[in-house]
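# Summary of structural features
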Amino acid sequence: MTIFRSGGIHPGWPDPLGPLRVPAGVVRLRPVRLRDAAVWSRIRLADRYHLEPWEPVSGSDWTVRHAVSSWPAVCSGLRAEARKGRMLPYVIELDGQFAGQLTIGNVTHGALRSAWIGYWVASEKTGGGIATAALALGLDHCFAGVRLHRVEATVRPENAISRAVLARVGFREEGLLRRYLEVDGAWRDHLLVAITVDEMKESAAQALVRAGRASWA
Ligand code: ACO
């Protein structure tokens, strides 16, 4: 097993990412932490109907799963996966405040060098470029810090906003995964989108800056 510069098996973790300025404010990514419990719970409980149509089903009820008391186990689980080199679980911050999450998962090195990426943004902060900036920062880190070759994501065809975010950052569609994930009470088709490092003519963040969608903060 390769031991990387950071002393662990996980290159690129726990580096914070950003900042990048978008219309909503200044976006940064930093590792999840135990003291996110109250804000995470407040937003996730209030945003149930914003988030539930797009997120995989979990065994327990939404209210129970997002109680303040549920966060320590969720957070510890994510951080344990991060220490093992399998995940990079970030909080998206807007102007220093919790605004959502971006998670890079199923990190695989060796000949595959691949991962998936997913995200959500609090409904009170949407429409200002936060997800686009966070995705660009996460993607650039996958290729630079984590040294991956390919990053993929899955998205419901009906999720027009997230599809727009993915397309803007450069993800291209590869196909339709039929009845792929149990979401919102049924097995839902998902589009598979992906990008490989050789498709990147410049960093994703740089491309947003050049397109006038972001600026270096
Ligand atoms: N149809 C198409 N595009 C739309 C629509 C619409 N109905 N409504 C808004 N948009 C556009 C916006 O105009 C904006 O584009 P613009 O910058 O060109 O104006 C874009 O969609 C949204 O971009 P951002 O502002 O960067 O995204 P935002 O911070 O609002 O977050 C997100 C988007 C993450 C999808 C948020 O709405 C959310 O959390 N939704 C619920 C959870 C979710 O869907 N997560 C993604 C699951 S798929 C995955 O993780 C790979």
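Residues numbered from 1 in each chain as written. Predicted model: local features only at pLDDT ≥ 70, side-chain atom pairs only at ≥ 80, totals over all residues. Heavy atoms only, no water.

## Concerning the overall build of the protein chain
The helix and strand inventory of the protein chain stands at 7 helices and 9 strands. Relative to its length of 217 residues, the protein chain is compact, with a C-alpha radius of gyration of 17 Å against a globular reference of 17 Å. Seen through its principal axes, the protein chain has C-alpha atoms that stretch 40 × 40 × 40 Å. Considering only residue pairs separated by 6 or more positions, the protein chain has 63% of its internal contacts joining residues 24 or more positions apart. Within the structure as shown, the protein chain displays about 10,600 Å² of accessible surface, and the carbon and sulfur contribution to it stands at 53%. (Helix = DSSP H or I, 4+ residues; strand = E, 2+ residues; numbered from the N terminus. Rg over C-alpha atoms; globule rule 2.2 N^0.38 Å. Contact = heavy atoms within 4.5 Å. Areas by Shrake-Rupley, 256 points an atom, 1.4 Å probe, with all protein chains shown as cover.)

## Details of the packing of helix α5 (residues 130-143) against helix α6 (residues 160-169)
Remark: α5 packs on α6, axes separated minimally by 9 Å, with the N-to-C direction vectors making an angle of 45°. Classified by the angle between their axes, α5 and α6 sit oblique to one another. In the crossing of α5 with α6, the sense of the turn from one axis to the other is right-handed. Here α5 contributes Ala131, Thr132, Leu135, Ala136 and Leu139 to the contact with α6, which in turn contributes Val165, Leu166, Arg168 and Val169. Classifying every residue of the contact of α5 with α6 by side-chain character gives 7 nonpolar, 1 polar and 1 charged. (Axes fitted to C-alpha atoms, helices over the stretch in contact; angles between N-to-C directions. Parallel < 35°, antiparallel > 145°, perpendicular 65-115°, else oblique. Left-handed = near helix turned anticlockwise from the far one by under 90°. Nonpolar A, V, L, I, M, F, W, Y, C, P; charged D, E, K, R; others polar.)

## Considering the UniProt feature "domain: N-acetyltransferase" (unreviewed entry) in the protein chain
UniProt's entry tags residues 27-198 with the feature "domain: N-acetyltransferase" (unreviewed entry), counted in the numbering of this structure. Here residues 27-198 is 32% helix and 35% strand, with 26 Å between the C-alpha atoms at its ends. (UniProt positions renumbered as here; feature names shortened; annotations may be inferred.)

## Details of the environment of Arg44
Mapped onto the secondary structure, Arg44 falls in helix α1 (residues 37-46). Since its relative accessible area comes to 5%, Arg44 is described here as buried. Look past the residues within four positions of Arg44 in its chain and what remains in contact with it is Leu51, Glu55, Trp62, His66 and Trp120. In this structure the side chain of Arg44 is engaged in a polar contact, spanning 3.1 Å, whose partner is the side chain of His66. (Buried < 20%, exposed > 50% of the residue type's maximum accessible area, 1.4 Å probe, protein only. Polar contact = N/O pair within 3.5 Å; in protein donor to acceptor, adjacent residues only side chain to side chain.)

## Let's talk about the pairing of strand β2 (residues 25-31)
Across the 7 residues of β2, 6 count as buried, placing the element largely inside the fold. Both strand β1 (residues 17-22) and β2 contribute to a ladder of 4 bridges, which runs antiparallel. For Leu20, the partnering residue across the bridge sits in β2 and is Val27. Turn length for the β1-β2 hairpin, with the two strands adjacent in sequence and antiparallel, is 2 residues. Here 5 bridges tie β2 to strand β3 (residues 88-94), and the two strands are oriented antiparallel to one another. (Pairing = 2+ DSSP bridges.)

## A look at helix α4 (residues 71-83)
Relative to the 18 Å expected for 13 residues at 1.5 Å per residue, α4 spans 18 Å between its end C-alpha atoms, a close match to the ideal helical length. Residues Trp71, Cys75, Leu78, Ala80 and Ala82 constitute the buried set of α4. Those residues of α4 hidden inside the fold are in contact with α1, β3 and β4 (97-108). Directly beyond the C-terminal end of α4, a positive phi value near 85° is found at Gly85. (Expected span 1.5 Å × (residues − 1).)

## What about the sheet that holds β3?
Strand order in this open sheet of 9 strands is β7-β8-β6-β5-β4-β3-β2-β1-β9, and the pairing throughout is mixed. One side of each edge strand has no neighbouring strand; the edge strands of this open sheet are β7 (172-183) and β9 (215-216). Both strand β5 (residues 114-121) and strand β6 (residues 150-155) contribute to a ladder of 3 bridges, which runs parallel. Directly across from Trp116, in β6, lies its bridge partner Glu152. In the packing of α1 onto the sheet, contacts are made with β4 and β5, and the angle to β4 comes to roughly 95°.

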